[in-house]
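The chain contents come next:
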Amino acid sequence: MQEISPNALLFSEEPWTRLAPLCRRICLLRAQGRSDEADALHASDFVPALAALRNDSGRLDTFDDERVRLLQAMEQERVTNALVLAELLQSMNVNTSVIRPTAPATPAHLSLDAPAPRTRPAVAPGIADLLDDMLFQERGRT
Amino acid sequence: MSATLEKPSVASVPSASTPVAVAPRSATVKTKTVLVGLDLGTNKSCVLAGPAGSRDIAVSKVVPSIVGYVKDGIVDGIITGNAQTLFGDEALRNALHCDVVAPLREGVIAHPEAARDFLAHIRQLADPSGQAEIRAVIGMPANAEPAARETIRLSSQGIFDRILLIPEPFLSALGYRDDARVNQPNYVDPVTNSLFIDIGGGTTDLCLVQGYFPSRDDQVSLPFAGDAIEELIEADLNRTYPNNGLSRLKIREIKETHSYVGPIRKPLDVRVILGGKAHTLELGEIVGRACNALIDKLYPALTALIARASSDSVVTLLQNIVITGGGSQIKGIDTVLQQRLTADGFESPKVRLAGQDYKRYVAMGAHKAACSARENQWQYLLG
């Protein structure tokens, strides 16, 4: 079971519960390359919701910029993690419809537990493939 | 955790003394995208920028990584346009009237507010209209800690729209690669099998580049580079010539002009002005000792990385050791490293200098990476 982050508890009450889904949706749209829709949702829903909360004098004490930042960062992280999981599940399902937890999800040369020299490919892969390697390594460290 | 905030317009980028605010995004529709390759260096930064969809470079600048905050009470007209914040050469030229801040130390951001101002300046260079979506690939020291990476993300919020952080020595290899010759039979592609040594101001980064993205074990970052050499020269100068009064800028100039490694060279007479009078200082030993200290730090890391290469690749690798960054201008550095490798029994090593574009390779690699990155590889900064 996934542990609940202490940060998540900061946002378990109003008004944060209203902002979080909006924020998550915007992050998801951006991650899917749907920037126009993300911008539109940001302008039409997120900014007005934020402005309304700022103008609500009863909430000024608890409603600060740092916390908004934290919320947005947390939602972005959730979306990123979900995408990584989706990617892993997809690669596990290439040859079978059954999810096999032990199936190799990544090339052997990306194993994070193996500091030994890796086999050098005969031809260098494209830059985007190298960046995939980099991003995979970063996810393995977080 | 990633920094992900909505983006204010450039005009709303906070000043050094203002906390970063979560400002509502402006309604401006961004009609174009600019790709930026940025070598954010401790002493100098290089920015290359061009429109998305092509590899053309419209902006190419090397800027000292300096922000100058103009002091209170400066008479009107002293500073061009009565600007309050100056950058790069302009800040250095007006150092007398400014509080000068170097945003980076040892390759990572040390003063986040100054870094934000500096990045906003970089953005302005890349996109004077302020209307474009900016996607920036930014070089980081090899094996930069997560906290350092997060500081760059936070400092970029509201300035760049999307970023990718990539280790600098790997970007050097990408930048050094001659793409037009990659498929030629005699061309040795540095991305396929090479070892890059990037000697900057704050860090010396080494990286084994063997056709896959280097793992943490393939990279070494030493917190000893140009700045550390200057500190050694300064300390030695103060011992040999007490009260010499030479500024750090003057010491940097001496280092950049006279640095060398190998046997001590004498005489190395340097003419300086002290108290308004010309003096000649003999600096052969002082400069040589400081620069040779770099070799002593660098060499064990170099051999450790060579040892990581597989037996079928190491001979070719030894033919492709490339030195780049400002430290590549230290006289004799290629020869001394090659001689030490040979003396230690390595098979026909060949150490070469990256060449005249040494200031730009990281940014060139960053721009190439920006041109090639897939949509889902960018990190969004929602400023």
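Since the structure is predicted, the reported quantities are computational estimates derived from the model, not experimental observations.

Attention now goes to the overall build of chain B. The helix and strand inventory of chain B stands at 10 helices and 18 strands. For chain B, the C-alpha radius of gyration of 22 Å lies close to 21 Å, the compact-globule estimate for 383 residues. Based on the C-alpha atoms only, the size of chain B along its principal axes is roughly 65 × 60 × 35 Å. For chain B, with 383 residues in total, the buried portion stands at 49%. Counting contacts in chain B only where the partners sit at least 6 residues apart, residues at least 24 apart contribute 69% of the total.

Along the backbone of chain A there are five helices and zero strands. Listing each helix as α and each strand as β along chain A from the N terminus yields α-α-α-α-α. Counting all 142 residues of chain A, 17% fall into the buried class. Within chain A, counting contacts between residues at least 6 apart in sequence, those at least 24 apart form 54% of the total.

Turning to the environment of Arg24 of chain A, a few remarks are in order. All names here are of chain A. Examined against the element boundaries, Arg24 turns out to sit in helix H2 (residues 16-31). With 18 C-beta atoms counted inside 10 Å, the residue Arg24 sits in the partly exposed group. It is 11 Å that separates the C-alpha atoms of Arg24 and His42, two residues lying 18 residues apart in sequence.

Residue and element names in this part refer to chain B. Running from N to C, helix H5 (residues 226-240) and helix H6 (residues 248-258) point in directions that differ by 105°, and their axes come no closer than 10 Å. Taken together, the axes of H5 and H6 are roughly perpendicular relative to one another. Counting all contacts with H5, which are made through Ile229, Glu230, Ile233 and Glu234, the residues of H6 involved are Arg248, Ile251, Arg252, Ile254 and Lys255. Per-class residue counts for the contact of H5 with H6 are four nonpolar, no polar and five charged.

Residues and elements named next belong to chain B. Along the polypeptide, Asn94 turns up in the loop between helix H1 (88-93) and strand E6 (98-101). On the basis of neighbour counts, which here come to 19 C-beta atoms within 10 Å, the residue Asn94 falls in the partly exposed class. Between the C-alpha atoms of Asn94 and Ile78, which are 16 residues apart in sequence, the distance is 9.1 Å. In this view, Asn94 contacts Gly68, Ile79 and Leu86; residues no more than four positions away in its chain are not counted.

All names here are of chain B. Taken in spatial order, the three strands make up an open sheet running E5-E4-E6, and their pairing is antiparallel. Both outer strands of the open sheet, strand E5 (85-87) and E6, are each paired with one neighbouring strand and no more. When strand polarity is set aside, the average angle formed by the axes of neighbouring strands in this sheet is 25°. When strand E4 (residues 67-70) meets E5, the two strands line up antiparallel, connected through three bridges. Among the inter-strand pairings, Gly68 is bridged to a residue of E5, identified as Leu86.

Looking now at helix H2 (residues 112-126) of chain B. An ideal rise of 1.5 Å per residue puts 21 Å on 15 residues; H2 of chain B measures up with 21 Å between its terminal C-alpha atoms. Within H2 of chain B, 12 of the 15 residues are buried, which leaves it mostly tucked inside the rest of the structure.

Residue and element names in this part refer to chain B. In this model, chain B carries an average pLDDT of 89, and 92% of its residues clear a pLDDT of 70 or more. pLDDT under 50 marks residues 1-27. Its contacts with residues more than four places away, or in other chains, come to 75 contacts. Confidence estimates for the predicted assembly give a pTM of 0.70 and an ipTM of 0.78.

What follows covers the sheet that holds strand E11 (residues 194-199) of chain B. For sheets, the rule is that strands pair by backbone hydrogen bonds, running either parallel or antiparallel. Residue and element names in this part refer to chain B. Read from one edge to the other, the open sheet built from five strands follows the order E13-E12-E11-E16-E17, with strand pairing classed as mixed. With partners counted over all chains shown, the strands left at the sheet margins are strand E13 (219-222) and strand E17 (351-353), one partner each. Neighbour-to-neighbour, the strand axes of the sheet open up by a mean angle of 15°, direction not taken into account. Direction of pairing for strand E16 (residues 321-324) relative to E17: parallel, over a ladder of three bridges.

Here the focus is the packing of H5 of chain B against helix H7 (residues 284-308) of chain B. All names here are of chain B. In contact at an axis separation of 9 Å, H5 and H7 are set at 150° when each is read in the N-to-C sense. By the angle between their directions, the pair H5 and H7 is classed as roughly antiparallel. As H5 packs across H7, the resulting crossing turns out to be right-handed. Contact with H5, carried on its side by Ile229, Leu232, Ile233, Asp236, Leu237 and Thr240, involves Ile286, Val287, Arg289, Ala290, Cys291, Ala293 and Leu294 of H7 and no other residues of that element. For the contact of H5 with H7, the per-class residue count stands at 10 nonpolar, one polar and two charged.

Given 3.6 residues per turn, any residue in an α-helix points the same way as the ones three and four places further on. Residues and elements named next belong to chain B. For H6, the set of buried residues is Ile254, Lys255 and His258. One face of H6 carries all of its buried residues, which in axial projection span an arc of 100°. Facing away from the buried side of H6, by more than 90 degrees, are the exposed residues Leu249 and Thr257. On its buried side, H6 packs onto H5, strand E14 (269-274) and H7.

On to the pairing of strand E10 (residues 162-167) of chain B, then. Residues and elements named next belong to chain B. Counted residue by residue, E10 has five buried out of six residues, so it is predominantly covered. You can see the chain leave strand E9 (residues 133-140), run along helix H3 (residues 146-156) and come back into E10, and the turn it takes is right-handed. Two strands pair when backbone bridges link them, and E10 and strand E18 (residues 379-380) are joined in this way by two bridges, in the antiparallel orientation. Looking across to E18, one finds that Ile163 is bridged to Gln379.

Thresholds, definitions, all that
Residues numbered from 1 in each chain as written. Chains lettered and ligands numbered in written order. Predicted model: local features only at pLDDT ≥ 70, side-chain atom pairs only at ≥ 80, totals over all residues. Helix = DSSP H or I, 4+ residues; strand = E, 2+ residues; numbered from the N terminus. Rg over C-alpha atoms; globule rule 2.2 N^0.38 Å. Buried ≥ 20, exposed ≤ 12 C-beta atoms within 10 Å, placed from the backbone. Contact = placed C-beta atoms within 7 Å. Axes fitted to C-alpha atoms, helices over the stretch in contact; angles between N-to-C directions. Parallel < 35°, antiparallel > 145°, perpendicular 65-115°, else oblique. Nonpolar A, V, L, I, M, F, W, Y, C, P; charged D, E, K, R; others polar. Pairing = 2+ DSSP bridges. Expected span 1.5 Å × (residues − 1). pLDDT = per-residue confidence, 0-100. Left-handed = near helix turned anticlockwise from the far one by under 90°. Arc of directions from axis to C-beta. Right-handed = clockwise from strand over helix to strand, strands pointing away.

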